[in-house]
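Take a look at the letters that make up each chain.
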Amino acid sequence: MKIAVLPGDGIGPEIVAQALKVLDVLKRDGIAIEIEQAPIGGAGYDAAGDPLPEATLSLAREADAVLLGAVGGPQYDRLERPLRPEQGLLRIRKALNLFANLRPALLYPEIATASTLKPEVVAGLDLMIVRELTGDVYFGQPRGIEVRNGERVGYNTMIYSESEIRRVARVAFSIALKRSKKLCSVDKANVLECSELWRQVVIDVSKDYPEVELSHMYVDNAAMQLIRNPRQFDVIVTGNIFGDILSDEASMLSGSIGMLPSASLDEHNKGLYEPIHGSAPDIAGRDLANPLATILSLAMMFKYTFDDAATAERIENAVKTVIAQGYRTADIWTPGCTRVSCNQMGDAVVAAM
Ligand code: IPM
Ligand code: MG
């Protein structure tokens, strides 16, 4: 198994270092893993003047899977858009055709009180957001800022082709099949043609999955329902921008954005795995970050790309154990628990394995 490791910026290197400790355990236990690191984001810009250096992209192409930390930082905010760290991430998603972004939101019962929502609202939460990742207003053309009628206008294009909708819908339906067989498609079909087509195609795909109960919800209502009664959802499928927003919202249901992993998959389950949180420049380099989302991303890698459910479970169980043992990084700490650093949390997971 060849894994390309792209730590990125901010807390990226710290959290990825904890995941590497977990990989070391797996190697020691006989799993043949080859690891190679490369810069992306601001680190790519610093190393090669490009947020996605050519060498990084070819490494990612050759690898079976990619583990990514996070990208971005205030020192890069003034670069032209194509040179900004986020472009590295968007370009690698596009270049590797990682159209299906799986973002599970799972609540560990012991940290229910870390959520800003009432424990009884979030208790038992276990949902999966399937976000389309290579289309929509993120990539649509035309886009730009230009002068019209003597003032500047900014514009982007929300666009989806049938085939783009169909392939991500299929992924969502097959995931729903393996879970509670309920799928909610989120759109804005009351206003947007793009969403109108989205809904038609999802309904069409649903004919191949008669066992799955399909529902539809407008995105504004979905944002509200996620807070009101999140457990009504099991699998949600939605476009790129709605999924970006709803997955951040859903992360707070689970107590902290520092807990949530993600997988971005292509047609053949090759994937890029990353925590859904960002590079947190405010705490970077201080050994404070929560590495669990990154470690759980590794678990997803074994599940989805390497088809090794046992190893995925081993990693997930180790995370459950450290939570049960009361270890908490600052973001999920509550009185009575043991506050640990990023490194200590990584070590605790390794010990639990
Ligand atoms: C995410 C992030 C990215 C996105 C940014 C960093 C480009 O917010 O992975 O959700 O918008 O997709
Ligand atoms: Mg986001």
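The shown structure was predicted, so the numbers you read here are calculated from the model rather than taken from an experiment.

J.: Explain the domain arrangement of the protein chain to me, and be specific about the residues and the numbers.
T.: By domain assignment, the protein chain separates into domain 1 (1-99 + 288-353) and domain 2 (102-265). Taking the mean C-alpha position of each, domain 1 and domain 2 sit 23 Å from one another. Where domain 1 abuts domain 2, roughly 2400 Å² becomes buried across the two surfaces, and 66% of that area is made up of carbon and sulfur atoms. Looking at the side of domain 1 facing domain 2, the largest losses of area belong to Arg-93, Phe-99 and Met-300, adding up to 30% of the total buried there. Counting the contacts that link domain 1 with domain 2 gives 0 salt bridges. The interface formed by domain 1 and domain 2 holds 7 residue pairs in polar contact (both at pLDDT 80 or more) in total. Those elements giving two or more residues to the side of domain 1 that touches domain 2 turn out to be α4 (85-95), α10 (292-304) and α11 (309-324). With 6 residues, α10 is the single largest residue contributor to the side of domain 1 that touches domain 2. When grouped by side-chain class, the residues that make up the side of domain 1 that touches domain 2 number 12 nonpolar, 5 polar and 5 charged.

J.: Provide a residue-level description of the packing of α10 against α11, including the pertinent values.
T.: The geometry of α10 relative to α11 is characterised by a closest axis approach of 7 Å and an angle of 155° between their N-to-C directions. By the angle between their directions, the pair α10 and α11 is classed as roughly antiparallel. Both α10 and α11 take part in a crossing whose hand is left-handed. Residues Leu-292, Ile-295, Leu-296, Leu-298, Ala-299, Phe-302 and Lys-303 of α10 pack against Thr-311, Ala-312, Ile-315, Glu-316, Val-319, Val-322 and Ile-323 of α11.

J.: Before we move on, could you go through the side chain of Glu-274 and cite the residues and values that matter?
T.: Tracing the chain through its elements places Glu-274 in strand β12 (residues 271-275). Polar contacts involving the side chain of Glu-274 include one to the side chain of Arg-93, which spans 3.1 Å. Beyond its immediate sequence surroundings of up to four residues, Glu-274 is in contact with Leu-68, Gly-69, Leu-89, Arg-93, Pro-261, Ser-262, Ser-264 and Ser-297.

J.: Before we move on, can you summarise the side chain of Arg-93 with the specific residues and values?
T.: Secondary-structure assignment places Arg-93 in helix α4. Accessibility expressed as a relative area gives 5% for Arg-93, which makes it buried. Aside from chain neighbours lying at most four places away, what touches Arg-93 is Leu-98, Arg-103, Arg-131, Leu-133, Thr-134 and Glu-274.

J.: Provide a residue-level description of the pattern of salt bridges, including the pertinent values.
T.: Applying the stated rule across the entire model yields 15 salt bridges. The shortest N-O distance in the salt bridge between Lys-21 and Asp-347 comes to 2.8 Å. Of this pair, Lys-21 sits in helix α1 (residues 12-28) while Asp-347 sits in helix α12 (residues 342-352), and the two are 326 residues apart along the sequence. If you follow the salt bridges from partner to partner, you end up with Glu-162, Arg-166, Asp-204 and Lys-207 in one network.

J.: Run through the environment of Arg-28, naming residues and quoting values.
T.: Looking at the secondary structure, you find Arg-28 in helix α1. In the structure, Arg-28 is positioned 271 residues away from Ala-299 in sequence and 17 Å away in space, judged by C-alpha atoms.

J.: Help me get a handle on unusual backbone geometry, residues and values and all.
T.: Cis rather than trans, the peptide bond between Gln-141 and Pro-142 has omega equal to 0°. Relative to the helices and strands, Pro-142 is located in the loop between β5 (126-132) and β6 (144-148). The phi dihedral of Ala-280 falls on the positive side, at around 40°, and the residue is not glycine. Taking the relative accessible area as the measure of exposure, Ala-280 reaches 22% and is therefore partly exposed. Of note, Asp-287 is a non-glycine position whose phi angle comes to about 60°, a positive value. As for its position among the elements, Asp-287 is in the loop between β12 and α10. Given a relative accessible area of 27%, Asp-287 falls into the partly exposed group.

Cut-offs applied
- Residues numbered from 1 in each chain as written.
- Chains lettered and ligands numbered in written order.
- Predicted model: local features only at pLDDT ≥ 70, side-chain atom pairs only at ≥ 80, totals over all residues.
- Heavy atoms only, no water.
- Domains from an automatic or database assignment.
- Buried area = accessible area lost by both parts, 1.4 Å probe.
- Salt bridge = Lys/Arg side-chain N within 4 Å of Asp/Glu carboxyl O.
- Polar contact = N/O pair within 3.5 Å; in protein donor to acceptor, adjacent residues only side chain to side chain.
- Helix = DSSP H or I, 4+ residues; strand = E, 2+ residues; numbered from the N terminus.
- Nonpolar A, V, L, I, M, F, W, Y, C, P; charged D, E, K, R; others polar.
- Axes fitted to C-alpha atoms, helices over the stretch in contact; angles between N-to-C directions.
- Parallel < 35°, antiparallel > 145°, perpendicular 65-115°, else oblique.
- Left-handed = near helix turned anticlockwise from the far one by under 90°.
- Contact = heavy atoms within 4.5 Å.
- Buried < 20%, exposed > 50% of the residue type's maximum accessible area, 1.4 Å probe, protein only.

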